[in-house]
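Examination of the molecular architecture
Listed below are the residues making up each chain.
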Amino acid sequence: MITQAEYDQRRARLIAECLPNSVVVLPAAQMCTRSNDTEYHFRQNSDFWYFTGFNEPDAYLILSNRDNANSFASYVFLRPKDKTAEIWHGRRLGVQSAPSTLNIQQAYSIEELDELLPTIINGHDHLYYTAGANTLADKVVNAAIKVCKTAPKQAMSAPKCVHDISIMIHKMRLIKSEQEIAVMQRAADISAQAHCKAMQIAHPDIWEYQLEADILHTFASNGARFAAYNTIVGGGENACILHYVDNNQRVADGDLVLIDAGCELHGYAADITRTFPINGKFTPAQAEIYQLVLDAQLASLDLLKPSGQISVAMDRAVEIITKGLIRLGIIKQDFESAIESQSWRNFFMHGLGHYLGLDVHDVGVYKVNGADIPLTPGIVMTVEPGIYISPDADVPEQYKGIGIRIEDNILITEGGNKILTDKVPKTIKDIETLMLQNAL
């Protein structure tokens, strides 16, 4: 888990990067209605969680460096203790316990926010906030600014400048700390165990949702109650649907099954994809496409290191996939024409990977002024080339309906990269060996 000391350091670093006489307002998430009077399970706003580790809705973190450039004031607004509400919906931290638990100087009831927020932001030159990200919070913040602007007789003054704080926060979140890496490694290990278990229980005619259920069971049994995203279990042609989540079909003998699944642990996501034959043995055509995807992934991994660029690794993966598809008669052009026309996109239509962290598609910019951001130690990202051949594609018959993706999570290190998800097999031999052991 992330220690309180790290949350403290993050808050100190954030306010230190703000201009003098600044106030920061960070809202938590709200409960989201599922149907009628029931809600989805609460999931905290990732930015708010990053600075608090506090998992309750309807809260605000406020930081101010107005009084001292070398220190800062901290406030939290949160739900008050309520015996009846807690009987029905669960325990609350409450105002009295919040300062010591969260290491915050002042705590107030969320019911006092409208009254007190104008007083807190009054007199600051700069307000750091993410406008447009939270409709309810926008109303609260705008109302507080309006009070400051329309109360000159009370000697109140509104911030002169409003800054988008997400740029600063997301730059911080991009580079993972040692504690974050440790949590993400554990999430990767749990997710790898779930993928291995799926390979071990797989058999022809199993339902996709049965594989999904076993994956989620493995997550929860190891302390990760929730998936980081909707689990994809695509058997046969369903693997050609990139975000297939129906998971309601039987997987026929001879089909491949693509599983894209990762757990969430202490807020942090894992994201693994493996593709394997439901009967434990790749057909020659499946093996040809699979090896092509694996070759592309291994080659791109070699290029993902400090000062490297994702686009360069993507270009290498595209080169390998395109040449392979030409060799197999799937692309009916020469290499130069296929690259120029981007006909390879008919079979590999997504990017090579994405940042990973508190969000499965984590924050952080990829380009500045059109130029790629060089990779830096501490970045965690996915590497996930794939080939998806529609059942109605104009290709040799044996390749129709094959969908394959291989996805790992890597940490950029000083010396290159570390694969966090290497505990789940991905070579043809290793997959077939694991599945054969189960069959025996």
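What counts, and at which threshold
- Residues numbered from 1 in each chain as written.
- Predicted model: local features only at pLDDT ≥ 70, side-chain atom pairs only at ≥ 80, totals over all residues.
- Heavy atoms only, no water.
- Buried < 20%, exposed > 50% of the residue type's maximum accessible area, 1.4 Å probe, protein only.
- Helix = DSSP H or I, 4+ residues; strand = E, 2+ residues; numbered from the N terminus.
- Pairing = 2+ DSSP bridges.
- 1 Å grid on protein atoms, 1.4 Å probe; cavity = no way out; pocket = protein on both sides within 12 Å on 5 of 7 lines; lining within 4 Å.
- Points joined across faces, edges and corners; volume = space filled by probe spheres on them.
- Nonpolar A, V, L, I, M, F, W, Y, C, P; charged D, E, K, R; others polar.
- Polar contact = N/O pair within 3.5 Å; in protein donor to acceptor, adjacent residues only side chain to side chain.

Some remarks on the pairing of strand 20 (residues 408-413)
The element strand 20 is extensively covered by neighbouring structure, given that five of its six residues are classed as buried. Relative to strand 20, strand 17 (residues 380-383) runs antiparallel, the two sharing four bridges. Residue Val380 lies in a different strand from strand 20, and its bridge partner there is Leu411. Bridging between strand 20 and strand 21 (residues 416-419) involves four bridges; their strand directions are antiparallel. Residue pairing for strand 21: Ile412 is matched across the bridge by Asn417. Following strand 20, the chain reverses through two residues before pairing antiparallel with strand 21.

Here's the deal with the pairing of strand 6 (residues 106-109)
Burial along strand 6 is one-sided: Ala107 and Ser109 are buried, and none of Gln106 and Tyr108, which face the opposite way, are. Summarising the sheet, strand 5 (residues 73-78) and strand 6 pair through four bridges and their orientation is parallel. Looking across to strand 6, one finds that Val76 is bridged to Ala107.

Section: the layout of surface pockets
The computed volume of the largest pocket comes to approximately 820 Å³. Elements with a minimum of two residues in the lining of the largest pocket: helix 2 (46-52), helix 9 (208-221), strand 9 (226-227) and strand 12 (263-265). Looking at the lining of the largest pocket residue by residue, the class counts come to 14 nonpolar, 11 polar and five charged.

What about the environment of Lys332?
Relative to the helices and strands, Lys332 is located in the loop between helix 11 (310-327) and helix 12 (335-341). Using a relative accessible area of 53% as the deciding quantity, one classes Lys332 as exposed. With 63 residues separating them in the primary sequence, Lys332 and Val395 have C-alpha atoms 8.9 Å apart. Polar contacts involving the side chain of Lys332 include one to the main-chain carbonyl oxygen of Gly329, which spans 3.4 Å.

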